[in-house]
Each structure stands twice: as C-alpha cells, then as structure tokens.
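If you want the building blocks of each chain, they are given just below.
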Amino acid sequence: ESCTIVGTVSGTSISFGTPVVFENGNTIELAATFDSNSNKVVFSYTDESNSYYGTAVVGTVSGTSISFGTPVVYYSATTGPGNALGFDSTNNKVILAYNGGDGRAAVGTVSGTSISFGSYTTFHTGSANIIRIVHDSSNDKTVLIYSDYVSTNYEGTAIVGTVSGTSISFGSPVQFSTAATFNFSAHFHSDANKIILGYRAGTGYAIAGTVSGTSISFGTPVFYTNANPSFQSGA
C-alpha cells in the first residue's frame, strides 16, 4: 500500500497523525504540490499495480488527517521516469509534466476532490528525465527543468511554458549545462525574480535563470561542492 501522513509543527518538534492509504498498491515517481486556490494537495505517481499508468489524486487535509478523492488516470500507458507537479498561482492551475514516450505536460484543474487535465503538450521529443517544475509569478510563466535523455550527454535543459485556460505552450529549450546533469532542485526567488537551480554535473553547481517572454537565460554556474550531490532540495 502507498500512504501519506499529516505532520504538525510545534516549536522545534513535529508530531504526526495516522497514515492514510491513497493507493492500494505500489507507487513510484511520486510528486506532490499544494493548490492554494482550492486548498487541496495533489499527488501524481506511476501506479505499479495498474500497468504503470500515470495517475493523480486529490487530498483534503482536516486536522491531523488527510482524505482522498478517486484516483484519476492521466496517461493509460507506462509513465516515467520523471513525473513532476507544480502550481501556477497566477492562473490557479496545477501543472503536470511526465514521460510518456516523449516529455509531456498538461494543465490540471481541481474541482472538489477530483482533478481533470486538458490535452497534453509535447515539450521534448524523447524521454525527459528528472523533471522539475517552478512557477515564475513575476512573469506568469512555468519553467520546466530536465535532463535531455535523448542526448548522449544528458544535458541540463530548461523550457518556458505559458498557461492559457487548460492548455500550456512552450518556447524553445535552453541548455544551462552541456555536461551530464542530474539531481535538480528548482525554486523561484521572489525578491530577485530569478529561477534558482541546483544540480549535479560531476560536482555540485548552482545557477540563476531570468525569464523573458517565452525564453530563459542563465548566468554563470557557481560551484559549491566537490562532492557528488544527490537528492538536492532548497528553499
């Protein structure tokens, strides 16, 4: 079974409620986002118990527990690796990106305890690996970060998406690293209005991106560790 749990922070400690099952089977490639418009949590995952289909489910937090609506299959074929979720706070939409043979993205709308998705848009021909999604609220754009899995070098790549209704369109992809690039973290710096990336390209680097129109440009990468960083996160 696959479960989630609600934690409550008090001072310097955290306490947890009871685990709640959201899928009666194994799930992989789990991603989550918070929809501040509907006050719901959305999960996406690859459902091993259902032929590895791409699936999403909406959760409602109440007190120290969480309840779920009915899971929705958004792609009826093998999905992954690299599912990702983000929230577009300008348009109040959930943004989904996933591997379905090609790198694809779709716009989700939460209604009650369910979510529906518009038609997908292909943002990368071939597999896009280790996808991250970050919303630039100053420019009303959604930026996808991924490793170009078709290339022999797995270059770090970014692409800018524009949401209109239940659809998303994309500009041209931009490489920020020509080396094999993995383990991204991606965040929006709301004071500087920049996309901040951390990534592994042999060693650890960080880089700032500036969105302009439907494109993004990057400054010079900054080295931060000789280690081979995995599972990066940031804030």
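Let us now look at the overall build of the protein. From N to C terminus, the protein includes zero helices and 24 strands. The C-alpha atoms of the protein give 18 Å as radius of gyration, which agrees with the globular expectation for 235 residues (18 Å, within 12%). With respect to the three principal axes, the spread of C-alpha positions in the protein is 45 × 45 × 30 Å. For the protein, the proportion of its 235 residues judged to be buried stands at 46%. Within the protein, residue pairs in contact and separated by at least 24 positions form 41% of the contacts whose partners lie at least 6 positions apart. When the accessible surface of the protein is summed, it comes to about 10700 Å², and 48% of that surface belongs to carbon and sulfur atoms. For the protein, the distance from the average site of its 7 positive side-chain charges to the average site of its 13 negative ones is 6 Å.

By size, the foremost hydrophobic cluster in this structure holds 18 residues, and its most contacted members are Val143, Ile145, Phe176, Ile195, Leu197 and Ile216. Listing elements by their share of this core, those giving two or more residues are strand 15 (128–136), strand 16 (141–148), strand 17 (156–164), strand 19 (174–177), strand 20 (182–189), strand 21 (194–201) and strand 22 (203–212). With four residues, the single largest contributor to this core is strand 21. When sequence neighbours within four positions are dropped, the list of residues in contact with Ile145 reads Ile130, Ile131, Arg132, Thr157, Ala158, Phe176, Phe184, Ala186 and Leu197.

Both strand 6 (residues 40–47) and strand 7 (residues 53–62) contribute to a ladder of seven bridges, which runs antiparallel. Of the residues in strand 7, the one forming a bridge with Val42 is Val58. Linkage of strand 6 to strand 7, two consecutive antiparallel strands, is achieved through a turn of five residues, within which Ser51 is found at a positive phi near 60 degrees. Alignment of strand 7 against strand 9 (residues 72–78), held across four bridges, turns out to be antiparallel. Following the sheet pairing, Ala56 is matched in strand 9 by Val72. In the sheet, strand 7 pairs with strand 8 (residues 65–68) via four bridges, with the strands oriented antiparallel. Counterpart to Gly59 in the pairing with strand 8 is Phe68. Here strand 7 folds back onto strand 8 in antiparallel fashion, the turn holding two residues, of which Gly63 has a positive phi close to 65 degrees.

A word on unusual backbone geometry. Leaving glycine out, the prevailing phi sign among residues is negative, and the prevailing peptide bond configuration is trans. Residue Tyr52 is not a glycine yet carries a positive backbone phi of 65 degrees. If you trace the backbone, Tyr52 turns up in the loop between strand 6 and strand 7. With relative accessibility at 38%, the residue Tyr52 sits in the partly exposed group. Although it is not a glycine, Asp140 sits at a positive phi angle of roughly 55 degrees.

Counting buried positions along strand 10 (residues 84–88) yields five of five residues, so the element is predominantly enclosed. Of the two faces of strand 10, the one lined by Ala84, Gly86 and Asp88 and the one lined by Leu85 and Phe87 are each fully buried. The sheet contact formed by strand 10 and strand 11 (residues 93–100) spans five bridges and is antiparallel. If you follow Leu85 over to strand 11, its bridge partner there is Leu96. The hairpin turn running from strand 10 into strand 11, its antiparallel successor, is four residues long, and Asn92 in that turn takes a positive phi close to 55 degrees.

Another aspect to go through is a nonpolar patch on the surface. Side chains of Ile5, Val9, Ile14 and Phe16 sit close together on the surface and give an oily, nonpolar patch of about 390 Å² of accessible area. Relative to the helices and strands, Ile14 is located in strand 3 (residues 13–16). The exposure class of Ile14 is partly exposed, given its relative accessible area of 43%.

Turning our attention to the packing of aromatic side chains. One pass over the full model with this rule turns up 15 aromatic pairs. Here Tyr75 and Tyr98 contribute two aromatic rings whose centre-to-centre distance is 5.5 Å and whose plane-to-plane angle is 45 degrees, an arrangement assigned as tilted. Note that Tyr75 is positioned in strand 9 and Tyr98 in strand 11, a separation of 23 residues in sequence. Exposure class is identical for Tyr75 and Tyr98. Each is buried. Both rings, one in Phe123 and one in Phe170, keep their centres 5.7 Å apart while their planes meet at 50 degrees; by these two values the pair is tilted. Taken together, the positions of Phe123 in strand 14 (residues 121–124) and Phe170 in strand 18 (residues 167–170) put the pair 47 residues apart, joining distant regions of the chain. Considered together, Phe123 and Phe170 belong to a single accessibility category, that of buried residues. Three or more aromatic residues joined by ring pairs make a cluster, and in this case those are Phe176, Phe184, Tyr199, Tyr205, Phe218 and Phe223. The ring of Tyr120 has Arg104 lying over it, and the distance from NZ or CZ to the ring centre is 3.9 Å.

What counts, and where the lines are drawn
- Residues numbered from 1 in each chain as written.
- Predicted model: local features only at pLDDT ≥ 70, side-chain atom pairs only at ≥ 80, totals over all residues.
- Heavy atoms only, no water.
- Helix = DSSP H or I, 4+ residues; strand = E, 2+ residues; numbered from the N terminus.
- Rg over C-alpha atoms; globule rule 2.2 N^0.38 Å.
- Buried < 20%, exposed > 50% of the residue type's maximum accessible area, 1.4 Å probe, protein only.
- Contact = heavy atoms within 4.5 Å.
- Areas by Shrake-Rupley, 256 points an atom, 1.4 Å probe, with all protein chains shown as cover.
- Lys, Arg positive; Asp, Glu negative; His and termini not counted.
- Charge placed at Lys NZ, Arg CZ, Asp CG, Glu CD.
- Core = buried A, V, L, I, M, F, W, Y, C linked by side-chain atoms within 4.5 Å.
- Pairing = 2+ DSSP bridges.
- Patch = residues over 30% accessible without salt bridge, like charges linked within 9 Å, V, L, I, M, F, W, Y side chains within 5 Å.
- Salt bridge = Lys/Arg side-chain N within 4 Å of Asp/Glu carboxyl O.
- Phe/Tyr/Trp six-rings, centres within 6.5 Å; stacked < 30°, edge-to-face > 60°.
- Lys NZ or Arg CZ within 6 Å of the ring centre and 35° of its normal.

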